[in-house]
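Descriptive structure summary
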Amino acid sequence: MGDQPPGRKPQSTNLEGCNHGKTYLIRLRPTPASSCGFLVIDKPAGCTSHDCVAIARRMLAIRRVGHGGTLDPAVTGVLPLAVGPATRLLPYLDGTKAYVGWIQLGVSTNSDDLSGELIQQTPWPKLERAALEDVLLKFCGEQPQRPPNISAVHVDGERAYKRARRGEQLEIAPRMVCIHHLQLIDWQAAEGRFAIEIRCSAGTYVRSLARDIGAMLGCGAALAELRRTGALGFELHQAIPLNQLTPQTPLVDPLIALGQKPRRQLSHQEWQGWCRGQRLQPTGAADLNGTEVVIILRPDGSLAGLAHPTSSGELQPRVVFDAAG
């Protein structure tokens, strides 16, 4: 569905994009093609990330909407949605994710969470809190991690979950991930359940972490609950419940999402060259050694795009919002 043409009257529609039975009544209105920014959704359980994208597209009457990191249907929390040209910024945002979750010891499933098919039950060991904290400490830092068999990882050109659900035996290759922070925040010894707070790199599976903790303890474990509290530089306090979104919900300025990267504001003459894809000459105003990306601002201070520094100090356009010709 493309942008709604100017002059068309606003419409009302029922959006039943989620599987938890709620109906979202949303009034559509024409949205300028230049709309550019982010919606930060607090995704409910029972709703896929694609459901949220579909609802935002219909609500804003704009097709160009993308999400910043898939959440499993059972997982709740921060889901950033990029709108309009902001979709081109997603690869440049901080990929670090943060979660709070519960892990159940003594069970192993085919999906590494409690929604999956039970494979084995084993008594969990008696553990003092300090002993469990020592185990968690071993999972901090950079390490290989094998994704769950029921996941969206591609195996020989096909999603792993499709092959796993056909009964195929999979052995997905481990991938390097980094767990920056892992803290025990609650331990219910009698139930064999504990809660963790985690901050990790993009591509980390908390389900796999639960499985691997269980393997180290010799009793198996599965993820019981998970809530994402941060993604792409956005935090939970910025998120809006999906059922509270309206066409008037303001977009988060892309400059806020890009954070504290170096910036270069263009003169009117430079801006004209920038729109034609010309490199920007070095100004000597800042040392860009080691900088991967520079934020380029229009003469009025709004976002014009992103550039990469070259070895000569010039700025090579990478994302140009006002491309001409």
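To keep things clear, this report deals only with the structure shown in the data block. Since we're looking at a predicted model, the values are computed, not measured.

This paragraph deals with the nonpolar core. Within the largest apolar cluster, 43 residues are counted, with the highest numbers of intra-cluster contacts made by Leu 39, Phe 194 and Ile 213. Here the element with the most residues in this core is helix 1 (residues 49–60); it accounts for six residues. Residues contacting Leu 39, with those up to four places away along its chain left out, are Ala 56, Met 59, Leu 60, Leu 79, Pro 80, Leu 81, Val 83, Leu 245, Thr 249, Pro 250 and Leu 251. Of all hydrophobic cores here, the second largest spans 23 residues; its members include Val 78, Ala 82, Leu 255 and Phe 321.

This brings us to the environment of Gln 121. By the element assignment, Gln 121 lies in strand 8 (residues 118–121). Look past the residues within four positions of Gln 121 in its chain and what remains in contact with it is Gly 106 and Val 107.

The side chains of a regular strand alternate between the sheet's two faces. The element strand 13 (residues 193–200) is largely enclosed, with a buried count of six among its eight residues. Summarising the sheet, strand 6 (residues 97–105) and strand 13 pair through eight bridges and their orientation is antiparallel. Each residue of the ladder has a partner; that of Gly 101, found in strand 13, is Ile 196. When strand 12 (residues 175–188) meets strand 13, the two strands line up antiparallel, connected through eight bridges. Note that in strand 13 the partner of Asp 186 across the bridge is Ala 195. Connecting strand 12 to the antiparallel partner strand 13 that follows it, the hairpin turn spans four residues, and Gly 192 within it adopts a positive phi of roughly 65°.

Another aspect to go through is the packing of helix 2 (residues 129–137) against helix 4 (residues 206–217). Two elements in contact, helix 2 and helix 4, have axes separated by 11 Å at closest approach and are oriented at 120°. By the angle between their directions, the pair helix 2 and helix 4 is classed as oblique. Considering how the two elements wind past one another, helix 2 and helix 4 form a crossing that is right-handed. Here Leu 132, Val 135 and Leu 136 of helix 2 come into contact with helix 4, specifically with Ile 213, Met 216 and Leu 217.

So, about unusual backbone geometry. Positioned with a positive phi, Ala 61 is a non-glycine residue whose angle comes to about 55°. By secondary structure assignment, the location of Ala 61 is in the loop between helix 1 and strand 4 (65–67). When its relative accessible area of 3% is taken as the criterion, Ala 61 is described as buried. You will see that Leu 232, though not glycine, has its phi angle at about 55°, which is positive. Checked against the element boundaries, Leu 232 lands in the loop between strand 14 (221–231) and strand 15 (234–235). You can call Leu 232 buried: its relative accessible area is 6%.

A complete count under the given rule lists nine salt bridges for this structure. A salt bridge links Arg 193 to Glu 225, with the nearest nitrogen and oxygen atoms 3.9 Å apart. Here the residue Arg 193 occupies a position in strand 13, and Glu 225 occupies one in strand 14, the gap between them amounting to 32 residues. Judged by relative accessible area, which is 18%, Arg 193 ranks as buried.

This paragraph deals with the side chain of Gln 145. Position of Gln 145 relative to the elements: it lies in strand 9 (residues 141–145). With a relative accessible area of 6%, Gln 145 lands in the buried category. Within the local environment of Gln 145, its side chain forms a polar contact with the backbone nitrogen of Tyr 205, the two atoms lying 2.9 Å apart. Each residue touching Gln 145, except ones within four places of it in the same chain, is listed here: Pro 174, Arg 175, Val 177, Gly 203, Thr 204, Tyr 205, Ser 208, Leu 209 and Asp 212.

Reading guide: rules and limits
Residues numbered from 1 in each chain as written. Predicted model: local features only at pLDDT ≥ 70, side-chain atom pairs only at ≥ 80, totals over all residues. Heavy atoms only, no water. Core = buried A, V, L, I, M, F, W, Y, C linked by side-chain atoms within 4.5 Å. Buried < 20%, exposed > 50% of the residue type's maximum accessible area, 1.4 Å probe, protein only. Helix = DSSP H or I, 4+ residues; strand = E, 2+ residues; numbered from the N terminus. Contact = heavy atoms within 4.5 Å. Pairing = 2+ DSSP bridges. Axes fitted to C-alpha atoms, helices over the stretch in contact; angles between N-to-C directions. Parallel < 35°, antiparallel > 145°, perpendicular 65-115°, else oblique. Left-handed = near helix turned anticlockwise from the far one by under 90°. Salt bridge = Lys/Arg side-chain N within 4 Å of Asp/Glu carboxyl O. Polar contact = N/O pair within 3.5 Å; in protein donor to acceptor, adjacent residues only side chain to side chain.

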